[in-house]
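So the chains spell out like this:
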Amino acid sequence: MEKQRLDKIIASTGKWSRREVKALIRQGLVLVDGVPARSAEEKADPGAARIEVKGEPIAYRRYTWLMLNKPAGYLSATEDGRGATVLDLLPEELRRQGLFPVGRLDKDTEGLLLLTNEGGLAHDLLSPKRHVDKVYYTRVAGRLTEADCAAFARGITLPDGLVCRSAGLEILSAGEESEGRVTLREGKFHQVKRMLAYLGKPVLYLERIKMGNLPLDLSLSRGEFRFLTDSEVESLRAQVDSLEKP
Ligand code: URA
């Protein structure tokens, strides 16, 4: 692996800012292969060198994968003149890493949003050919019925010609307002809202609760994020590899 500056390698873990790394180096708390580092500009091969901070080896990852519990009010974009984006919820050091959201949630949609700088796997996760399930909890106005579930299962062609393929709709509660669980295998613009509005059940609330085999981590409060573990990233990779290729 190519050599990189120590401050860049250590800050990429998201635990320390570059400024903090400099201070740690001054205090002799950063070791590279057992030898105290002298400067933040010193370079090391993150794949080969053993880098320790305060006695703990750092877990360097080539790519960063985060799970964010998105709150309402943030755009799923990397920059936008019109308002706050999900990147505004991350610390400076992570914002510098070229992270982007894996797909979009509407501004008012909450829940699981992955962010990464690994383009290949992100692309595969979003590909309609791979059929990675995205699961949503929704509350709608009106009574959800078995006929609505059947319409989802058949697939719906919207009046503007947009074809929404077969999707899952499970009724969790039915009344003047109803709750349901929707499973999509594609991600067209406003798809859940448009499918339900077409059936006369406008969405009042939408939250993504699962992507592929990865459920929303309920220990994350809205607006909080965590790093995916290596095994979570590998299981996403294994899942897209096992699905139909384009
Ligand atoms: N479908 C929608 O309508 N909105 C979202 O944010 C995600 C899926």
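Treat the numbers as computed from the prediction; the structure is a model and nothing was measured.

Caption draft 1: Fine view of the pairing of strand β13 (residues 168-173). Where β13 and strand β14 (residues 177-184) come together, 5 bridges link them in antiparallel fashion. Counted as the bridge partner of E170 is R181 from β14.

Caption draft 2: Local environment of the pattern of salt bridges. Evaluation of the coordinates by the stated rule reveals 21 salt bridges. Of the charged contacts in the structure, one is a salt bridge between R5 and D7, with a shortest N-O distance of 2.8 Å. Overall, D7 belongs to the buried group, its relative accessible area being 1%. By sharing partners, the salt bridges in this structure join E92, R95 and R96 into a single network.

Caption draft 3: Quick peek at helix α7 (residues 230-242). For α7, which comprises 13 residues, the first-to-last C-alpha distance of 18 Å matches the rise-based estimate of 18 Å (1.5 Å per residue) to within 8%. For α7, the set of buried residues is E232, V233, L236, Q239 and V240. Within α7, the buried residues cover an arc of 120 degrees as seen down the axis, which keeps them to one side. For α7, the exposed residues set more than 90 degrees away from the buried face come down to S231 and S242. Looking at the packing, one finds that the buried side of α7 touches β7 (65-70), β9 (110-116), α4 (119-126), β15 (203-211), β16 (214-215) and β17 (225-227).

Caption draft 4: Structural view of the environment of L6. For L6, the position within the fold is in helix α1 (residues 6-11). Owing to a relative accessible area of 0%, L6 belongs among the buried residues under this scheme. Separated by 177 residues in the primary sequence, L6 and T183 place their C-alpha atoms 43 Å from one another. If we ignore the near neighbours within four places in the chain, the residues touching L6 are I25, V30, V32, A37, S39, A40, E42, A44 and I51.

Caption draft 5: Main features of the packing of aromatic side chains. Following the criterion strictly, the structure yields 2 aromatic pairs and no others. Here the aromatic rings of Y137 and Y205 are separated by 6.1 Å at their centres, their planes lie at 55 degrees, and the arrangement is tilted. With a gap of 68 residues between them, Y137 in strand β10 (residues 134-141) and Y205 in strand β15 connect regions that are remote in the sequence. This pair shows no difference in class: Y137 is buried, exactly as Y205 is. Measuring from ring centre to ring centre gives 6.5 Å for F225 and F227, while their planes differ by 65 degrees; the resulting arrangement is edge-to-face. With a relative accessible area of 25%, F227 lands in the partly exposed category.

Caption draft 6: Layout of the side chain of K201. Looking at the secondary structure, you find K201 in the loop between α6 (191-198) and β15. Exposure remark for K201: the relative accessible area of 11% places this residue in the buried category. One polar contact links the side chain of K201 to the main-chain carbonyl oxygen of R143, over a distance of 2.9 Å. When near neighbours in sequence (up to four residues on either side) are disregarded, K201 contacts V140, A141, G142, R143, L144, D148 and L196.

Caption draft 7: Just the state of the cysteines, in detail. Considering all chains together, one arrives at 0 disulfides under this definition. The cysteine C164 is free of any disulfide, with C149 supplying the nearest cysteine sulfur at 16 Å. Judged by relative accessible area, which is 2%, C164 ranks as buried.

Caption draft 8: Highlighting the environment of G14. In this fold, G14 is placed in the loop between α1 and α2 (18-26). The spacing of G14 and E92 is 78 residues in sequence and 9.0 Å in space, taken between C-alpha atoms. Not counting residues up to four positions away in its chain, the partners in contact with G14 are L94 and F227.

Caption draft 9: The arrangement of the nonpolar core in detail. Core analysis: the biggest nonpolar cluster contains 29 residues, and F152, V182 and L196 have the highest contact counts within it. Where this core is concerned, the elements lending two or more residues are β7, β9, β10, α5 (146-154), β14 and α6. If we skip the residues at most four places from it in the chain, V182 touches K134, V135, Y136, T138, F152, G168, L169, V192 and L196.

What counts, and where the lines are drawn
- Residues numbered from 1 in each chain as written.
- Predicted model: local features only at pLDDT ≥ 70, side-chain atom pairs only at ≥ 80, totals over all residues.
- Heavy atoms only, no water.
- Pairing = 2+ DSSP bridges.
- Helix = DSSP H or I, 4+ residues; strand = E, 2+ residues; numbered from the N terminus.
- Salt bridge = Lys/Arg side-chain N within 4 Å of Asp/Glu carboxyl O.
- Buried < 20%, exposed > 50% of the residue type's maximum accessible area, 1.4 Å probe, protein only.
- Expected span 1.5 Å × (residues − 1).
- Arc of directions from axis to C-beta.
- Contact = heavy atoms within 4.5 Å.
- Phe/Tyr/Trp six-rings, centres within 6.5 Å; stacked < 30°, edge-to-face > 60°.
- Polar contact = N/O pair within 3.5 Å; in protein donor to acceptor, adjacent residues only side chain to side chain.
- Disulfide = S-S within 2.5 Å.
- Core = buried A, V, L, I, M, F, W, Y, C linked by side-chain atoms within 4.5 Å.

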